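Here is how the chains run, residue by residue.
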Amino acid sequence: SKPVVAIVGRPNVGKSTLFNVLAGEMISIVKDTPGVTRDRIYADVSWLDRDFTLIDTGGIEPDSSDIILSQMREQAQIAIDTADVIIFITDVRQGLVDADSKVADMLRRAKKPVILAVNKVDNFDKFMPDVYEFYNLGIGDPNPVSASSRLGIGDLLDAVVAYF
Ligand code: GDP
Ligand code: MG
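The structure displayed is predicted, hence computed values, not measured ones.

Caption draft 1: Geometry of the overall build of the protein chain. Helices and strands together make up the secondary structure of the protein chain, namely five helices and six strands. Taken from N to C terminus, the helices and strands of the protein chain fall in the order β-α-β-β-α-β-α-β-α-β-α. Considered along the principal axes of its C-alpha atoms, the protein chain spans approximately 40 × 40 × 30 Å. For the protein chain, restricting intrachain contacts to residue pairs at least 6 apart in sequence, the fraction spanning at least 24 positions comes to 67%.

Caption draft 2: Examining the sheet that holds strand β5 (residues 114–119) more closely. Taken together, six strands build an open sheet; the order of strands is β2-β3-β1-β4-β5-β6 and the sheet is mixed. Since the sheet does not close on itself, it has two edges, and those belong to β2 (41–47) and β6 (142–144), each with one partner. Looking at each pair of strands side by side, their axes are set apart by 30 degrees on average, direction ignored. Of the pairings in the sheet, the one linking strand β1 (residues 4–8) to strand β3 (residues 50–56) comprises four bridges and is parallel in character. Residue pairing in the sheet places A6 in a bridge with I55 of β3. Here helix α3 (residues 98–110) sits on the sheet in contact with β1, β4 (85–91) and β5, set at roughly 175 degrees to β4.

Caption draft 3: Region of interest: the nonpolar core. In this structure, V8 and F88 are the most contacted members of the largest nonpolar core, which totals 41 residues. When residues of this core are traced back to their parent elements, those giving at least two are β1, α1 (15–23), β3, α2 (67–82), β4, α3, β5 and α5 (153–161). Among the elements that make up this core, the one with the highest residue count is β5 (five residues). Sequence-distant contacts of V8, defined by excluding residues within four places in its chain, comprise T57, I60, A76, A79, I80, I86, F88 and V103.

Caption draft 4: Fine view of the pairing of β2. Relative to β3, β2 runs antiparallel, the two being bridged by seven bridges. Residue pairing in the sheet places S46 in a bridge with D51 of β3. Hairpin remark: β2 followed by β3, antiparallel, with two residues in the connecting loop; positive phi at L48, about 50 degrees.

Caption draft 5: Just unusual backbone geometry, in detail. The phi dihedral of L48 is positive, around 50 degrees, even though this residue is not glycine. What makes L48 exposed here is the crowd of 8 C-beta atoms within 10 Å.

Caption draft 6: α1, seen in detail. Of all nine residues making up α1, seven are buried, and the element is well covered by its neighbours. Buried residues of α1: K15, S16, T17, L18, F19, N20 and L22, and no others. On its buried side, α1 packs onto β1, β2, β3, β4 and β5. Residue G24 follows α1 closely and has a positive phi angle near 75 degrees.

What counts and what doesn't
Residues numbered from 1 in each chain as written. Chains lettered and ligands numbered in written order. Predicted model: local features only at pLDDT ≥ 70, side-chain atom pairs only at ≥ 80, totals over all residues. Helix = DSSP H or I, 4+ residues; strand = E, 2+ residues; numbered from the N terminus. Contact = placed C-beta atoms within 7 Å. Pairing = 2+ DSSP bridges. Axes fitted to C-alpha atoms, helices over the stretch in contact; angles between N-to-C directions. Core = buried A, V, L, I, M, F, W, Y, C linked by C-beta atoms within 7 Å. Buried ≥ 20, exposed ≤ 12 C-beta atoms within 10 Å, placed from the backbone.

Below, the structure is given as structure tokens:
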């Protein structure tokens, strides 16, 4: 069967926007309200003759005891357990926050290949200096992307399919 790729990260970093770009359709709901993706959402994606199943997740808020947020965290953990490769998204505009480090810890425990995507790099000249701090997650090279402007998407997909 096809490899499974899961998109994880905190709410509002752009997981569903990236999912829709990679799926080539508006499938997942993009909202300014964090946590609007309540269920896992699947799409078949092809890149360079490689086929895989992509999963969007509602997001991980590591410390929250809120029932919805803890259910989202549980769903994300199921997606992580199911995945062959994980795309971990962060947000360059917010910078590296403690919750990102906690998600990184979750991913390290999963012992699966992780591609780190730093999203909202809508202007590479302006935001690249802020991308480097994400090396501090200790989870590999940060891949700058802009899901909404569709920048860095090809390089990101190359990095994903290299693991198949
Ligand atoms: P999710 O909660 O991680 O699924 O995030 P969404 O995909 O729903 O996006 C959250 C917000 O970030 C929305 O307002 C998006 O339009 C915005 N967003 C997503 N990608 C980008 C991007 O590349 N650049 C900018 N500036 N905003 C983005
Ligand atoms: Mg979403």
